[in-house]
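# Architecture at a glance
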Amino acid sequence: MRNGATVAGTTPAEVEAPLTLGGYRVHSLAREVLARDVLAACEGGTRRQVFFANTNFVVQCRALRPQLLAPSVRVVNDGIGMDLAALLVHRRRFAENLNGTDFVPYLCACSPRPLRFFLLGSAPGVAERAGRHLAESLGQQVVGSCDGYDEFAAAGDGLVARINALRPDIVLVAFGNPRQEAWILDHREALTAPVLFGVGALLDFLSGNVERAPGWIRRWRMEWLYRLAREPRRLLRRYTLDLFVFFAVCLREGRRLPGLSGAS
């Protein structure tokens with residue numbers, strides 16, 4: 001989509017122009033358009049790195065912004081904060097709210113064949129339980145997993161070779177912002193998997209380790225408040241002080257991109 005290109009498998013009419021927000025190029029896509037793009041990458045060997053940008057992402061990943069402008073990267077919007085910032089800066093909202101917790105199961109449902117997943121991150125045992133859910137409830141193939149603690153440390157430099165040997169279509173990386181984004185960007189050339197996702201708490205949700213908000217709360221886009229009520233000590237800063245930082249970054253950067261003065 002940079003320099004006039006469109007998402008794979010779409011027409012220009014299906015894709016809204018990306019919005020520059022907080023120094024990031026955030027793609028404004030319907031979920032079916034993003035799903036076609038990802039599935040086309042899985043089948044055609046095109047490299048794709050997908051990141052779900054919420055307010056925490058914008059604040060925590062600022063050092064990675066130049067790398068996130070690469071043509072293979074899709075940064076998409078996650079959460080009401082992104083919509084509010086888009087209204088302030090661009091006077092329009094994103095095409096659709098996207099988050100990994102809803103999108104990955106949707107992607108599985110859209111795929112004409114079982115996708116091969118490798119799961120990386122979260123606490124010991126979480127990735128394994130999430131993998132069972134992907135296999136048993138969503139009908140996918142889970143070729144391997146690695147937690148984000150002792151197992152990850154023990155794997156060291158051999159982890160990429162281990163993942164490549166298992167030939168996944170998709171690697172889900174759940175380290176949290178900005179660690180998962182940095183790991184993906186640092187290893188995207190060495191990994192042979194066509195699609196890499198930064199997924200935050202997705203494995204916790206898939207495993208049942210963390211309970212999602214009821215459907216009516218998600219429809220009102222208030223899941224952040226539900227999570228804050230359940231984990232106040234961990235999330236209070238993210239939804240208070242960091243929220244002010246988020247809006248300050250978005251307003252200060254306006255429509256600029258790092259290294260591209262005047263870009264919109």
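This write-up is about the structure you can find in this document. (Residues numbered from 1 in each chain as written. Predicted model: local features only at pLDDT ≥ 70, side-chain atom pairs only at ≥ 80, totals over all residues. Heavy atoms only, no water.)

### Some points on helix α1 (residues 31-44)
In an α-helix, one turn spans 3.6 residues, which is why side chains three or four residues apart end up on the same side. Its 14 residues give α1 an end-to-end C-alpha distance of 20 Å, which sits within 8% of 20 Å, the value for a rise of 1.5 Å per residue. Turning to α1, its buried residues are Val33, Leu34, Ala35, Asp37, Val38, Leu39, Ala41 and Cys42. Turning to α1, the residues buried within the fold contact β3 (48-53), β4 (73-77), α4 (100-110), β7 (170-174) and β8 (195-198). (Helix = DSSP H or I, 4+ residues; strand = E, 2+ residues; numbered from the N terminus. Expected span 1.5 Å × (residues − 1). Buried < 20%, exposed > 50% of the residue type's maximum accessible area, 1.4 Å probe, protein only. Contact = heavy atoms within 4.5 Å.)

### What about the sheet that holds strand β5 (residues 116-121)?
The six strands are arranged β4-β3-β8-β7-β5-β6 in an open sheet whose pairing can be described as parallel. Two strands close off the open sheet at either side, each with one partner strand: β4 and β6 (141-146). Averaged over all pairs of adjacent strands, the angle between strand axes in this sheet comes to 20°, irrespective of strand direction. The pairing of β3 with β8 spans four bridges and is classified as parallel. Residue pairing in the sheet places Phe51 in a bridge with Gly198 of β8. This element, helix α5 (residues 126-136), spans β5, β6 and β7 of the sheet and lies at about 160° to β5. (Pairing = 2+ DSSP bridges. Axes fitted to C-alpha atoms, helices over the stretch in contact; angles between N-to-C directions.)

### A short note on the side chain of Thr101
Within the secondary structure, Thr101 sits in helix α4. Sequence-distant contacts of Thr101, defined by excluding residues within four places in its chain, comprise Leu202, Phe205 and Arg212.

### What about the pairing of β6?
The two faces of the sheet receive side chains in turn, since in a regular strand these alternate between them. Relative to β6, β5 is paired through five bridges, and the arrangement is parallel. Each residue of the ladder has a partner; that of Arg116, found in β6, is Gln141. Handedness of the crossover is the feature at issue here: the chain leaves β5, passes through α5, returns alongside β6, and the resulting connection is right-handed. (Right-handed = clockwise from strand over helix to strand, strands pointing away.)

### A look at the pattern of salt bridges
Tallying each qualifying case throughout the model produces nine salt bridges. As a salt-bridge pair, Glu43 and Arg113 come within 2.8 Å of each other at their nearest N and O atoms. Placement of Glu43 in helix α1 and of Arg113 in the loop between α4 and β5 is noted, with a sequence separation of 70 residues between them. Arg252 serves as the salt-bridge partner of Glu253, at 3.8 Å between the closest nitrogen and oxygen. (Salt bridge = Lys/Arg side-chain N within 4 Å of Asp/Glu carboxyl O.)

### Here we look at the nonpolar core
Residues Phe57, Leu68, Leu120 and Trp183 are the most contacted members of the largest nonpolar core, which totals 39 residues. Sort the elements by how many residues they give to this core and helix α3 (residues 80-90) lands first, with four residues. Once residues within four sequence positions are removed from consideration, Trp183 is found in contact with Leu120, Phe152, Leu159, Ile163, Val173, Phe175 and Leu191. Grouped together as the second largest cluster of nonpolar side chains are 34 residues, Leu29, Tyr106, Phe117 and Leu172 included. (Core = buried A, V, L, I, M, F, W, Y, C linked by side-chain atoms within 4.5 Å.)

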